[in-house]
Each structure stands twice: as structure tokens, then as C-alpha cells.
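Notes for the structure review
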Amino acid sequence: MENIQNITVIGAGTMGNGIAHTFAQHGYKVFLNDISGSALDKAISTIETNLDRLVAKEKISLEVKTNTLDNIITTVDLKQAVASADLVVEAATENLDLKLKIFKSLDNYCNDNTILATNTSSISITKIATALSNPERLIGMHFMNPVPIMPLVEVIKGYNTSETVLMQIMKLCESISKIPVEVNDYPGFIANRILMPMINEAIESLFQRVAGVKQIDSVMKLGMAHPMGPLQLADFIGLDVCLFILKVMHDGFKNPKYAPCPLLVNMVTAGKLGVKSGEGFYDYSTSRKADQVAKQFS
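Residues numbered from 1 in each chain as written. Predicted model: local features only at pLDDT ≥ 70, side-chain atom pairs only at ≥ 80, totals over all residues. Heavy atoms only, no water.

Per an unreviewed UniProt entry, the recorded name for the protein chain is 3-hydroxybutyryl-CoA dehydrogenase, and the organism is Galbibacter marinus. According to UniProt, the comment filed for the protein chain under the heading Sequence similarities (unreviewed entry) is "Belongs to the 3-hydroxyacyl-CoA dehydrogenase family." (UniProt positions renumbered as here; feature names shortened; annotations may be inferred.)

Set out below in C-alpha cells:
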């Protein structure tokens with residue numbers, strides 16, 4: 001894109017490293033920032049592994065892999081990371097206080113023309129924008145996981161987001177082979193406003209013993225052509241993340257239909273978070289693949 005060349009990604013976790021990978025693969029210069037040096041090292045290792053997989057599948061050449069890695073610079077220094085950024089994409093933990101702290105810093109460190117984006121999956125863009133002296137330059141860019149593969153970017157316009165910023169981000173998404181879809185700023189946006197109640201209802205059906213884990217997922221895969229059942233998808237997303245998003249929608253709309261199922265609350269309290277913890281609705285103790293139903297649901 002003509003006026004966006006240098007991009008900073010804040011947060012080197014699953015979403016952050018995927019966003020950095022995607023921009024770098026499409027020729028953008030990327031600063032990847034995190035407070036942890038080990039997290040940055042892990043992110044680069046993950047990006048290299050994912051690029052090797054694409055090379056093996058003949059999706060990209062070795063030259064593209066090399067250029068992609070060369071386009072990424074890592075740093076723990078936020079001020080350095082954003083000094084020359086045309087766009088900053090925040091992909092830190094889904095925590096409002098943390099995001100407000102980050103954007104207050106960005107308001108001080110960034111050039112006045114720098115576009116600021118958040119990859120939040122549910123937190124109000126308008127609320128995050130209260131940390132900025134110029135809220136018109138903040139927009140939501142909700143990438144889907146895995147970022148290098150999934151084509152959708154949910155582009156969320158806050159109450160004050162300018163039309164100019166919106167148009168720039170829509171064009172930018174197209175330049176990295178993504179399909180941007182514009183939505184407005186309400187709890188859960190569109191993706192999670194529809195997805196999370198479905199996942200919650202699947203958990204409620206399990207809680208009420210209407211059917212077992214494999215049966216519920218099989219019905220949705222075989223009957224609705226979903227590539228992954230809702231319970232396995234919840235494990236993949238993270239049950240803690242699902243719970244957080246449901247709470248955001250429940251608090252935002254004050255509607256009981258968004259209330260998290262008690263089983264979901266208990267599982268998160270017990271530390272059964274899905275793939276990331278090794279156990280959720282399925283057992284991942286030996287592999288990320290959901291081979292066995294977790295013991296309590298057998």
C-alpha cells in the first residue's frame with residue numbers, strides 16, 4: 001500500500017506472530033515487539049516453522065521464506081518499535097486495562113499520522129480509543145487464527161474512527177490477500193457475537209447430557225458441514241478466551257442469552273483451557289490433535 005510501508009506488531013503470541021508473518025510475507029517491513037525476549041525468540045521460531053511448512057507444500061519458494069524472515073525485526077523496546085511506524089497493530093492479551101496502558105504509550109510515542117489498530121476479538125474499539133488524544137485514528141483489525149491461512153479480517157469501526165482510516169485499512173487488508181469485512185463497534189462484533197453463543201449452546205447441551213462431546217461435534221460437522229465441531233473449536237480458541245468473550249457480551253447487552261454455561265465457568269476455574277493446557281473437552285496430553293475425549297466426559 002502506497003502510504004503504509006512500516007508496520008509494528010505489539011505482542012508475539014499466537015496472533016501477533018501470525019500477523020507479523022503475514023505482513024512480512026507480503027513485503028512489509030515489520031517490527032515485532034513484546035516485553036519478553038524469549039517470547040520474541042519463540043515467535044520467530046514459530047514463523048520459520050510455518051514458512052517451512054509452506055515451502056514443503058510448494059505454496060511459497062525458499063526465496064520468499066528468506067525475504068519474509070528478513071523483513072521482521074524483533075525488539076523489547078516499544079518506543080523504538082513504533083518510532084517509524086505507519087501502522088501499529090496491537091495483539092496483546094485480551095485485557096482492557098493492558099490495552100489502555102499500551103495505547104496511552106502509543107499516543108505519546110507515535111507520529112500523529114500513525115494509524116493505530118487493535119486485534120481485539122470483543123473489547124469495544126470506542127472504549128480503547130479513550131486512551132488516545134486522537135481517537136479518529138484507532139480501528140479494529142480482528143484477524144482469524146491461523147492468521148497466515150484464514151482469509152477474513154473483521155474491520156471494526158469505532159464511534160470516532162475516520163472514514164480515511166477505514167478506507168486505508170480496507171485497502172491494506174486486500175494488499176495482504178485478505179478479505180476485509182466492515183462491521184460496527186458492538187460487543188462481540190459479528191464473528192464472536194454469532195460464534196460464541198453457538199459454542200456456549202454446545203457446552204450447555206453437554207452440561208444437560210443431551211449428547212456427548214463426540215456426538216455434539218459430529219452432528220455439527222456431518223450435518224452442518226462445519227470443518228470442526230464447536231467443542232473442539234472451543235478447545236482450539238481457548239476456553240478462557242471463550243468465557244471472556246461471553247462475559248463481554250453478557251455485560252454489554254445485559255441479555256441472559258449470553259450468560260456463560262456453568263460447565264464452561266467450572267472448566268476454566270479448574271484450569272482446563274483446551275489445547276493450551278493439554279486438556280479441555282478433548283485430551284491433548286500427547287498431541288495437539290483431539291484424539292480422545294477427556295475422561296470426565298467419557
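Brief notes about the domain arrangement of the protein chain
Looking at the assigned domains, one finds that the protein chain contains domain 1 (6–184) and domain 2 (192–290). Across the contact, six residues belong to domain 1 and five residues belong to domain 2. If you look at where domain 1 meets domain 2, you find one residue pair in polar contact (both at pLDDT 80 or more). For the side of domain 1 that touches domain 2, the class distribution of residues is one nonpolar, four polar and one charged. (Domains from an automatic or database assignment. Contact = heavy atoms within 4.5 Å. Polar contact = N/O pair within 3.5 Å; in protein donor to acceptor, adjacent residues only side chain to side chain. Nonpolar A, V, L, I, M, F, W, Y, C, P; charged D, E, K, R; others polar.)

As for the pairing of strand β7 (residues 152–157)
Within β7, five of the six residues are buried, which leaves the element mostly enclosed by the surrounding structure. Relative to β7, strand β6 (residues 138–143) runs antiparallel, the two sharing four bridges. Among the inter-strand pairings, Met141 is bridged to a residue of β7, identified as Val155. Pairing of β7 with strand β8 (residues 179–184), which is carried by six bridges, proceeds in the parallel orientation. When the sheet's bridge partners are listed, Val153 is paired in β8 with Pro180. Following the backbone out of β7, through helix α7 (residues 163–175) and into the adjacent parallel β8, one traces a crossover that is right-handed. (Buried < 20%, exposed > 50% of the residue type's maximum accessible area, 1.4 Å probe, protein only. Helix = DSSP H or I, 4+ residues; strand = E, 2+ residues; numbered from the N terminus. Pairing = 2+ DSSP bridges. Right-handed = clockwise from strand over helix to strand, strands pointing away.)

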